Amino acid sequence: MTKKDLSFFKDKKILITGHTGFKGSWLSMILIMSGACVTGYSLEPPTEPSLFKLVGLDNKMRSVIGDIRDREHLFKVFKETNPEIVIHLAAQPIVRESYIDPVYTYETNVMGTVNICEAVRQNGTVSSFLNVTTDKVYKNREWLWGYREDEMLDGYDPYSNSKSCSELVTHSYINSYFNEMGIAASTARAGNVIGGGDFAKDRIIPDSVRAALNNESIKVRNPYSIRPYQHVLEPLSIYLTIVKKQYEDKKYAGYYNVGPDDKDCITTGDLVDLFCNKWNEINNSTLKWENVSDMGPHEATFLKLDCSKIKSVFGWKPVWDIEKAIYMTVKWTKAYVSNDDIACEMVSEIKEFFR
């Protein structure tokens with residue numbers, strides 16, 4: 001997607017769930033810059049500090065604080081907004097948290113999706129709907145090759161499984177309602193994202209940033225786990241491509257893996273090596289990491305996506321490789337630490353990416 005493609009969203013009524021989160025904040029900024037009429041529906045920002053608050057997004061869009069489990073409130077916002085496009089990001093997204101509170105995880109990720117789909121069905125104004133899930137929806141057999149969109153859905157832990165269920169809920173609504181109603185609906189199964197402004201806990205890059213700022217070594221739980229890593233702007237550009245193309249032609253609706261090229265599916269240890277190198281280079285520092293397994297709950301060791309479908313259907317190719325993604329993350333963090341204008345830095349990165 002290019003800057004020219006983004007002009008499609010000018011004056012479009014778009015509703016984003018989960019807009020106060022890391023991904024949601026970046027997506028909201030892109031759409032605001034594109035001239036869209038953006039409404040967000042989400043809980044309060046999930047971290048402190050938060051990217052959403054740092055860049056003052058609540059003053060740039062209509063921001064509604066609400067819980068996607070609250071169907072009545074959600075329906076009211078849909079009725080007031082009458083969105084043409086809905087992008088569903090809201091979720092309980094942390095694997096380790098899902099072990100601690102599985103009920104909340106299932107309520108949010110499964111019944112929350114039911115509520116969103118039902119709001120889309122009943123409101124009657126939506127032409128394009130995208131449910132963003134995760135690469136962890138697949139039954140993970142620790143294969144050396146990437147999972148394709150027709151592989152079995154059966155996430156292991158409560159988070160992953162709840163997102164598998166979210167996929168199935170969406171599939172049912174597509175078959176039972178959306179196809180007949182002419183609503184183009186897709187799901188996007190995204191890999192791990194990194195970038196400036198992610199302050200979540202139990203994520204490797206935010207944990208690395210916190211360690212660097214505290215002059216501590218980075219604690220790495222699973223240095224040999226392989227994951228598909230990409231800069232946050234990569235999947236967001238594909239989400240926008242999907243909702244745009246299926247809005248224009250329903251034949252583009254479907255189920256899509258969204259991840260990097262194979263060369264950017266790397267071990268967590270290699271990822272942290274890259275981070276340390278870039279951090280030390282930019283900050284003249286001596287940041288290091290150490291292998292510290294805490295014997296926590298089960299997480300997949302090997303996970304890759306086969307993204308040949310989005311390459312074939314949309315002619316997609318990555319803009320930034322993993323080294324560039326790490327560099328941009330460190331660059332953003334340096335701006336944040338230096339009390340620079342974070343909104344300006346964010347806009348600059350978006351412009352560079354879509355140029």
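Scroll up to find the structure.
Below is a summary of the structure that appears in this document.

All right, on to the pairing of strand β6 (residues 184–190) then. By the criterion of burial, β6 is predominantly enclosed, with seven of the seven residues buried. Neither face of β6 is open: one carries A184, S186, A188 and A190, the other A185, T187 and R189, and all of them are buried. Pairing geometry for strand β5 (residues 128–132) and β6, over five bridges, is parallel. Across the sheet, the residue bridging to F129 is A185, located in β6. Crossover handedness for the path β5 to helix α7 (residues 158–181) to β6: right-handed. Looking at chain direction, β6 and strand β10 (residues 255–258) are connected through four bridges and run parallel. Its bridge partner being in β10, T187 is matched across the sheet by Y255.

Okay, the environment of L168 next. Mapped onto the secondary structure, L168 falls in helix α7. Sequence-wise, L168 and S127 are 41 residues apart; in three dimensions their C-alpha atoms are separated by 20 Å.

In this section: the sheet that holds β5. Ordered by their spatial adjacency, seven strands build an open sheet running β3-β2-β1-β4-β5-β6-β10, and the pairing between neighbours is parallel. Of all the strands in the sheet, just β3 (62–65) and β10 have a single pairing partner and so form its edges. Each neighbouring strand pair of the sheet contributes to a mean axis angle of 15°, computed without reference to strand direction. Sheet topology places strand β4 (residues 85–88) next to β5; four bridges connect them, and they run parallel. Bridge pairing links I87 to L130 in β5. Contacting β1 (13–17), β2 (37–42), β3 and β4, helix α4 (residues 71–81) crosses the sheet at an angle of about 165° to β3. In the packing of helix α9 (residues 233–248) onto the sheet, the strands contacted are β4, β5, β6 and β10, and the crossing angle to β5 comes to about 150°.

Definitions and cut-offs
Along every chain, residues carry numbers that run from 1 in the direction the sequence is written. Reporting of local features is limited, given that this is a predicted model, to residues whose pLDDT is at least 70; pairs of side-chain atoms are given and counted only at 80 or more, and all residues count toward the totals for whole chains, interfaces and linings. Calculation of side-chain values draws on the structure's entire complement of heavy atoms; hydrogens and water are dropped beforehand. The buried label applies to any residue whose accessible area, calculated with a 1.4 Å probe on protein chains only, is under 20% of its type's maximum; exposed applies above 50%, and partly exposed to all values in between. Working definition: helices are DSSP H or I runs of at least four residues, strands are E runs of at least two. Numbering for both runs from the N terminus. Each pair of strands is called paired provided DSSP finds at least two bridges between the two strands. A right-handed crossover is one whose linking path, passing over the helix from the first strand to the second, runs clockwise when the strands point away from the viewer. In this description, a line fitted to the C-alpha atoms serves as the axis of each element, helices being fitted only across the stretch in contact, and the angle between N-to-C directions of two axes falls anywhere from 0 to 180 degrees. Contact definition: two residues touch when any of their heavy atoms are within 4.5 Å.

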